[in-house]
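Residue-level listing of the chains:
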Amino acid sequence: MRRQSATRGTVLAAAAATVLATASLAACTSSKSSSSSSPASSAGRASGGPSGTYLIASGIHKIRHVVIVMQENRSFDTYFGTYPGADGIPMSNGVPTVCVPNPSGGCTRPFHDAADINGGGPHGEANAVADVNGGQMNGFIAQRDKAKSSCTNPDDPACGSGSAPDVMGYHSSAEIPNYWTYAKDFVLQDHMFEPVKSWSLPDHLYMVSAWSAKCKNRSPSSCVNNIVGPYGGAQFGQAVNKEVTDGSTSIDLAWTDITWLLYAQHVSWAYYVQTGIQPDCENDSAETCAPVAQSAKTPGIWNPLPLFGDVQADHQLSSIQDLNNYYTAAKAGTLPSVSWITPSGPDSDHPPASVHQGQAYVTSIINAAMKSPGWNSTAIFLAWDDWGGFYDHVVPPAVDQNGYGLRVPGLVISPYAKQGYIDHQTLSSDAYLKFIEDDFLGGDRLNPATDGRPDPRPDVREDQSILGNIDQDFDFNQAPRPPVLLATNPPTDSPSVPAYFTSQPVCVGCTNPPPALPAKAKAKKAKKK
């Protein structure tokens, strides 16, 4: 559908004026007379939390740059299941006490997996329900076995007829030393759940909008809750391509995303996409699929913002940029207030991508932020979008009909982050939006009653009483802590890593990401030139 920017612009201006006027009027009233849907109405207070409102941390505005790094498909237990002090794999005398039924016979306990390449399992909405299995947390191997029929990649461990069920495998500091170092020096969140019990597309929609839906037209009121798709990957990618090339699209994501509020209050943002290939299959239950190209200007399940009506109306497509621009802005100290960063397949941690390579990519991003002139005002939120079919022992709490999904790793890295702190609060990517809203928007929420673009989302996710507050991970009274620059090619006990790394130095503090294309794809590309 051809977008009508003039009409959208008129709606935006009117709605933004209404929101700002409402906030200004509310600020002049007492807290008793203000409604809970107007969090900015009482200075320093926001809606949400167990009591319904809370005091925004006075030092939160020391954070002027929020960087959200979203990786792919790892459960908490598969990366931090043996991290000291965390809610990890239940053990007795170092031996796991849990054992998951194996359709091949008996059961399989979690085991240390030194392999750099993992297979994982299917991770759609049906698989999430089956893995949890009514709270028994024992469906992982069975779901993995059922998905083998979709395997076509002989290099994927999930496709091997006699391969061990690596959905039960876990890594330690021996394979992922940098992730464990960040946990030791900053904050590890051991009850971070994916926002929705589904796969990457709805997770990424939630990451920017706290909802996943399917809309009949450009009206927000036409949207209907949908966490299964809500669109096929090929269809979604083609729509993104049409939007970024000629301003027309067959899909309208008409509900409201966080950029609507950021734009209205003149808060800068960027969504950085690494040029390469998509990390996941359009069939979320498939184990393997043919690679699909992605970039800031090409189709991508991980590039949803071009299809949001408010992004189009605000003429903000230029804020969706190539990842190289992130490194340039970090070096110059010109990062926007809010950044999202999404990887290419080989750098994503998404099975069968290399664990070592994904860690190198993430480390380069964090090193760039730490070496930036803006480090002393930066907070990095690192997480994985879904569990990837890997075992986790914690039953996801219910927040609404959509989630939460299974547990994933979460880290907070900042000069104001508490050192060696383990956050046990219940969290999801909704907490990232909540932090952004408290820091930059005076507590304004993605709330149909107040944001000027009413949509029929089932709830205001940021206001859920069960959702923790990430400001608890900071000590804003401490002096800013210095950077912890790490190697992009650290030692590992994995038997093998991608050939690229065998010729690379350890490279402490480096900011060059590893190749964004697999070796074979890169060779084919080079041959065409």
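Reading the values: the criteria
- Residues numbered from 1 in each chain as written.
- Predicted model: local features only at pLDDT ≥ 70, side-chain atom pairs only at ≥ 80, totals over all residues.
- Heavy atoms only, no water.
- Helix = DSSP H or I, 4+ residues; strand = E, 2+ residues; numbered from the N terminus.
- Buried < 20%, exposed > 50% of the residue type's maximum accessible area, 1.4 Å probe, protein only.
- pLDDT = per-residue confidence, 0-100.
- Contact = heavy atoms within 4.5 Å.
- Salt bridge = Lys/Arg side-chain N within 4 Å of Asp/Glu carboxyl O.
- Pairing = 2+ DSSP bridges.
- Axes fitted to C-alpha atoms, helices over the stretch in contact; angles between N-to-C directions.
- Parallel < 35°, antiparallel > 145°, perpendicular 65-115°, else oblique.
- Nonpolar A, V, L, I, M, F, W, Y, C, P; charged D, E, K, R; others polar.
- Phe/Tyr/Trp six-rings, centres within 6.5 Å; stacked < 30°, edge-to-face > 60°.
- Core = buried A, V, L, I, M, F, W, Y, C linked by side-chain atoms within 4.5 Å.
- Arc of directions from axis to C-beta.
- Disulfide = S-S within 2.5 Å.

### Side note on unusual backbone geometry
Alright, step 1. A cis amide bond links Pro351 to the next residue, Pro352, at an omega of 5°.
Alright, step 2. Relative to the elements of secondary structure, Pro352 occurs in the loop between strand S17 (338–342) and helix H11 (355–370).
Alright, step 3. Geometrically, the link from Gly403 to Tyr404 is a cis peptide bond, its omega value of 10° lying close to zero.
Alright, step 4. For Tyr404, the position within the fold is in the loop between strand S18 (378–384) and strand S19 (407–413).
Alright, step 5. We note that Asp349 has phi near 75°; this positive angle belongs to a residue other than glycine.
Alright, step 6. Here Asp349 falls in the buried class, since its relative accessible area comes to 0%.

### A look at the confidence of the model for the protein chain
Alright, step 1. With 80% of its residues at a pLDDT of 70 or more, the protein chain shows a mean pLDDT of 86.
Alright, step 2. Note that residues 1–43 has pLDDT below 50 and, in this model, 60 contacts with residues that lie over four places away or in other chains.
Alright, step 3. When the criterion is pLDDT under 50, residues 521–529 qualifies, and its contacts beyond four places in sequence or with other chains add up to three contacts.

### Side note on the pattern of salt bridges
Alright, step 1. Going through the model one piece at a time under the given rule, you end up with eleven salt bridges.
Alright, step 2. Here Arg461 makes a salt bridge to Asp400, at a shortest N to O gap of 2.8 Å. On the criterion of sequence distance, the pair formed by Arg461 in the loop between helix H12 (430–440) and helix H13 (499–502) and Asp400 in the loop between S18 and S19 is long-range, its members being 61 residues apart. Accessibility classification places Arg461 together with Asp400 in one group, the buried group.
Alright, step 3. We note a salt bridge from Asp463 to Arg445, for which the minimum N-O separation is 3.1 Å. One end of the pair, Asp463, is in the loop between H12 and H13; the other, Arg445, is in the loop between H12 and H13, and 18 residues separate them in sequence.
Alright, step 4. On the basis of relative accessible area, Asp463 is assigned to the partly exposed category, the value being 21%.
Alright, step 5. Salt bridges sharing common partners tie together Glu437, Asp438, Arg445 and Asp463.

### Structural notes on the sheet that holds S18
Alright, step 1. Strand order in this open sheet of eight strands is S16-S13-S17-S3-S18-S19-S10-S20, and the pairing throughout is mixed. Two strands close off the open sheet at either side, each with one partner strand: strand S16 (320–322) and strand S20 (421–423). Direction aside, neighbouring strands of the sheet carry axes that sit 20° apart on average.
Alright, step 2. Sheet topology note: the strand S13 (residues 269–273)/S17 ladder contains five bridges and is parallel. In the strand pairing of S17, Ala270 is matched with Ser339.
Alright, step 3. Along the sheet, helix H10 (residues 323–332) makes contact with strand S3 (65–71), S13, S16 and S17, crossing S16 at roughly 85°.

### Description of the packing of helix H5 (residues 177–185) against H11
Alright, step 1. It is at 9 Å that the axes of H5 and H11 come closest, and there the two elements cross at 40°. Classified by the interaxial angle, the pair formed by H5 and H11 is oblique. Where H5 approaches H11, its residues Pro177, Asn178, Tyr179 and Tyr182 are matched on the opposing element by Gly358, Gln359, Val362, Thr363, Ile366 and Met370.
Alright, step 2. Residue composition of the contact of H5 with H11, grouped by class: six nonpolar, four polar and no charged.

### Notes on the packing of aromatic side chains
Alright, step 1. Counted according to the given criterion, the structure contains 21 aromatic pairs.
Alright, step 2. The interplanar angle of 75° and the centroid separation of 5.4 Å between the aromatic rings of Tyr326 and Tyr327 together place this pair among those described as edge-to-face. The pair formed by Tyr326 and Tyr327 is uniform in burial state, with each residue classed as buried.
Alright, step 3. Ring centres of Tyr416 and Phe476 lie 6.0 Å apart, and the angle between their planes is 45°; this geometry places the pair in the tilted category. Here Tyr416 is found in the loop between S19 and S20, whereas its partner Phe476 is found in the loop between H12 and H13, with 60 residues between them in sequence.

### So, the environment of Ile176
Alright, step 1. With respect to the element layout, Ile176 can be found in the loop between strand S9 (169–170) and H5.
Alright, step 2. What Ile176 contacts, discounting residues up to four positions off in sequence, is Tyr79, His171, Val355 and Gln359.

### Here we look at H12
Alright, step 1. With respect to burial, H12 is a largely interior element, eleven of its eleven residues being buried.
Alright, step 2. Within the span of H12, buried status applies to Asp430, Ala431, Tyr432, Leu433, Lys434, Phe435, Ile436, Glu437, Asp438, Asp439 and Phe440.
Alright, step 3. After H12 finishes, the residue Gly442 shows a positive phi value of roughly 65°.

### Considering the pairing of S17
Alright, step 1. Most of S17 sits inside the fold, with five of its five residues counted as buried.
Alright, step 2. Of the two faces of S17, the one carrying Val338, Trp340 and Thr342 and the one carrying Ser339 and Ile341 are both buried.
Alright, step 3. Where S3 meets S17, four bridges bridge the pair, whose relative direction is parallel. Residue pairing across strands places Val69 opposite Ile341, the latter belonging to S17.

### Examining the nonpolar core
Alright, step 1. Counting 113 residues, the largest nonpolar core has Phe80, Tyr326, Trp340, Phe381 and Phe474 as the members making the most contacts within it.
Alright, step 2. Of all the elements, H11 adds the most residues to this core, at eight residues.
Alright, step 3. Not counting residues within four places of it along the chain, the set of residues in contact with Tyr326 comprises Val67, Tyr272, Leu335, Ile341, Ile365, Ala368 and Ala369.

### Topic: the environment of Tyr271
Alright, step 1. Summarising the element assignment, Tyr271 is placed in strand S13.
Alright, step 2. Given a relative accessible area of 0%, Tyr271 falls into the buried group.
Alright, step 3. Along the backbone, Tyr271 and Asp322 are 51 residues apart, and their C-alpha atoms lie at a distance of 8.4 Å.
Alright, step 4. Apart from residues no more than four positions distant in its own chain, Tyr271 is found in contact with His204, Met207, Val208, Trp302, Asn303, Pro304, Leu305, Ser319, Ile320, Gln321, Trp340 and Thr342.

### Regarding H10
Alright, step 1. Three or more residues of H10 are buried, namely Leu323, Tyr326, Tyr327, Ala329 and Ala330. Across the axial projection of H10, the buried residues extend over an arc of 165°, all falling on one side. Of the residues in H10, the exposed ones pointing more than 90 degrees away from the buried face are Asn324, Thr328, Lys331 and Ala332.
Alright, step 2. Turning to H10, the residues buried within the fold contact S3, S13, S16, S17 and H11.

### Observations concerning the state of the cysteines
Alright, step 1. Taken as a whole and judged by the stated rule, the model has three disulfides.
Alright, step 2. Bridging Cys99 to Cys107, the disulfide has an S-S length of 2.0 Å. The S-S bond linking Cys99 to Cys107 shows a torsion near 95°; that makes this disulfide right-handed.

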